[in-house]
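Per-entry structural report
As a plain string of letters, each chain reads:
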Amino acid sequence: MGRSCVTFAPGHISGYFKRIDGDSVQTTGSLGAGIVIDKGVTVRMQEADKINIKIGDGTADDWLIREVLTSLGVKADVRVTVGMPMGAGFGMSAAGLLAAYHAANCVFSLGLSAEEISKKAHAVEVAFGTGLGDAAAASGGGLVVRTRPGIAGVKLRLYPKDELWAVTFGSISTHDVITSEEKMHQVAAAFPGKEPATLAEFMENSASFTEKSGLLPPNLLPVLAACKEAGVPASMTMLGNGVFAVGSAAEKILQKFGEPVRLHVSSSGPVILEENHV
Ligand SMILES: Nc1ncnc2c1ncn2[C@@H]1O[C@H](COP(=O)(O)OP(=O)(O)OP(=O)(O)O)[C@@H](O)[C@H]1O
Ligand SMILES: CC(C)(CO)[C@@H](O)C(=O)[O-]
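Residues numbered from 1 in each chain as written. Chains lettered and ligands numbered in written order. Predicted model: local features only at pLDDT ≥ 70, side-chain atom pairs only at ≥ 80, totals over all residues. Heavy atoms only, no water.

Okay, the sheet that holds strand S8 (residues 234-236) next. Strand order across the open sheet formed by 4 strands is S8-S9-S7-S10, with antiparallel pairing between neighbours. Every interior strand has two partners, whereas the edge strands, S8 and strand S10 (261-264), have only one. For this sheet, the mean angle separating the axes of adjacent strands, direction not counted, is 25°. Examined bridge by bridge, S8 and strand S9 (residues 240-246) share 3 bridges and lie antiparallel to one another. From the neighbouring strand, Ala234 faces S9, where its bridge partner is Ala245. Running at roughly 45° to S8, helix H7 (residues 199-213) makes contact with S8 and S9 of the sheet. Helix-sheet contacts for helix H8 (residues 221-229) involve strand S7 (163-171), S8 and S9, and the interaxial angle to S8 is about 165°. (Pairing = 2+ DSSP bridges. Helix = DSSP H or I, 4+ residues; strand = E, 2+ residues; numbered from the N terminus. Axes fitted to C-alpha atoms, helices over the stretch in contact; angles between N-to-C directions. Contact = heavy atoms within 4.5 Å.)

Listed below in structure tokens is the structure:
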């Protein structure tokens, strides 16, 4: 029935951030910097008589993707494949939103621009407290520096080729952290004063922010200490109970604590992988 489309959107690891509350959802979000990663979310969508959503093995709550379809007034069969753990600081909610909105735009020929889709994804993130800057960052690729809140806030995208390694020990509720005035006050005080011009400077900013933010779970202290002792740049995945680190040497260090995943900086934002008439 109708068309089917397959889309991919990349995840995003925030290194540091500061919440900004503007006078609208599009001027509310965060300043900060992070890395758009080459693992993310794939959405397969086909027009249907009723909404049917399956995420991974089918056990995950489908509310976020359902929000996309209901906000557009469409019905579809949706299959979502999530490439990194949800809720663990890899930007899977923004990736899921971007991939789903691009898929619906493709299936139903809605005529939405990439910017309009990014704004829709950002609005859902802010409204439901699942993120502040991930949708803006993951609308393109690279190491992303954001100096204003919202989709237009990206100032710089760099494309380092270094390999990255990440290990996660569990999730942190993004909603609970970013809706806490007390936590956001300490986060703002920890925000670095210098904009990074390189991956090394980004990692220095991220490590400094992690130490001062009040967000660091104690179990990450030995992981970060081992990376520091080995001269491996590393920091906390914001907002998740995990660590990301730069360079091939990071793998062996992180293997002492868990099962690290190799990542690279994504060269692009969301893409349409397939368009089919069925
Ligand atoms: N790709 C996805 N597809 C469907 N639902 C998702 C997806 N990612 C997240 N969710 C839902 O959104 C909720 C909030 O996700 P959350 O923002 O904490 O994840 P995240 O984006 O991976 O983490 P972070 O924002 O810290 O990077 C999750 O509990 C889950 O219900
Ligand atoms: C708040 C946040 C760290 C959650 O991933 C991210 O959305 C950001 O950098 O604004």
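After that view of the structure, there is still more to cover.
Glancing now at the site of ligand 2. Close contacts around ligand 2 come from Ser14, Phe17, Ser30, Gly131, Leu132, Gly133, Asp134, Arg146, Thr174, Ile178, Met238 and Leu239, and that covers them all. Between ligand 2 and the protein, one listed contact pairs an oxygen atom with a side-chain N or O atom of Ser14 at 2.5 Å. Between ligand 2 and the protein, one listed contact pairs an oxygen atom with a backbone N or O atom of Leu132 at 2.8 Å. Counting residues per element, the ones that place at least two in the shell around ligand 2 are strand S1 (3-20) and helix H5 (174-178). Classifying every residue of the shell around ligand 2 gives 5 nonpolar, 5 polar and 2 charged. (Near = heavy atom within 4 Å. Polar contact = N/O pair within 3.5 Å; in protein donor to acceptor, adjacent residues only side chain to side chain. Nonpolar A, V, L, I, M, F, W, Y, C, P; charged D, E, K, R; others polar.)

Glancing now at the pairing of S9. Extensive coverage of S9 is indicated by the burial of 7 of its 7 residues. Where S7 and S9 come together, 6 bridges link them in antiparallel fashion. Paired with Ser171 across the bridge in S9 is Gly240. Between S8 and S9, which pair antiparallel and follow one another directly, the connecting turn spans 3 residues. (Buried < 20%, exposed > 50% of the residue type's maximum accessible area, 1.4 Å probe, protein only.)

Okay, the site of ligand 1 next. With respect to spatial proximity, 19 residues lie near ligand 1, and among them Gly87, Gly91, Ser93, Thr130 and Thr174 are the closest. A distance of 3.0 Å separates a nitrogen atom of ligand 1 from a polar atom in the backbone of Met92. A distance of 2.8 Å separates an oxygen atom of ligand 1 from a polar atom in the backbone of Thr130. Its free accessible area being 600 Å², ligand 1 has 87% of it covered by the protein chains. For the shell around ligand 1, the residue count by class is 11 nonpolar, 7 polar and 1 charged. (Areas by Shrake-Rupley, 256 points an atom, 1.4 Å probe, with all protein chains shown as cover.)

Another aspect to go through is the side chain of Glu125. Structurally, Glu125 is set in helix H3 (residues 114-128). Here Glu125 sits buried without a salt bridge, and the closest side chain of opposite charge, Arg146, lies 9.5 Å off (N-O distance). Those residues in contact with Glu125, other than ones at most four positions away along the chain, are Ser93, Ala94, Leu97, Thr130, Gly131, Leu132, Asp134 and Ala135. (Lys, Arg positive; Asp, Glu negative; His and termini not counted. Salt bridge = Lys/Arg side-chain N within 4 Å of Asp/Glu carboxyl O.)

Across the junction of Met238 and Leu239, the peptide omega takes the value 0°, indicating a cis bond. Inspection of the secondary structure assignment puts Leu239 in the loop between S8 and S9. Here Ser109, not a glycine, exhibits a phi torsion of approximately 45°, which is positive. By secondary structure assignment, the location of Ser109 is in the loop between helix H2 (92-107) and H3. Look at Ser109 and you get exposed, because its relative accessible area is 55%.

The subject of this paragraph is the packing of aromatic side chains. Both the distance between ring centres and the angle between the ring planes are used here to describe each pair of aromatic rings. Taken as a whole, this structure holds 6 aromatic pairs when the rule is applied. With a centroid separation of 6.2 Å and an interplanar angle of 35°, the aromatic rings of Tyr16 and Phe202 are classed as tilted. Separated by 186 residues along the polypeptide, Tyr16 in strand S1 and Phe202 in helix H7 bring together distant segments of the chain. When the ring of Phe17 is compared with that of Phe209, the centres are 5.7 Å apart and the planes differ by 65°; the resulting orientation is edge-to-face. Of this pair, Phe17 sits in strand S1 while Phe209 sits in helix H7, placing them 192 residues apart in sequence. The exposure class assigned to Phe17 is buried, which follows from its relative accessible area of 6%. (Phe/Tyr/Trp six-rings, centres within 6.5 Å; stacked < 30°, edge-to-face > 60°.)

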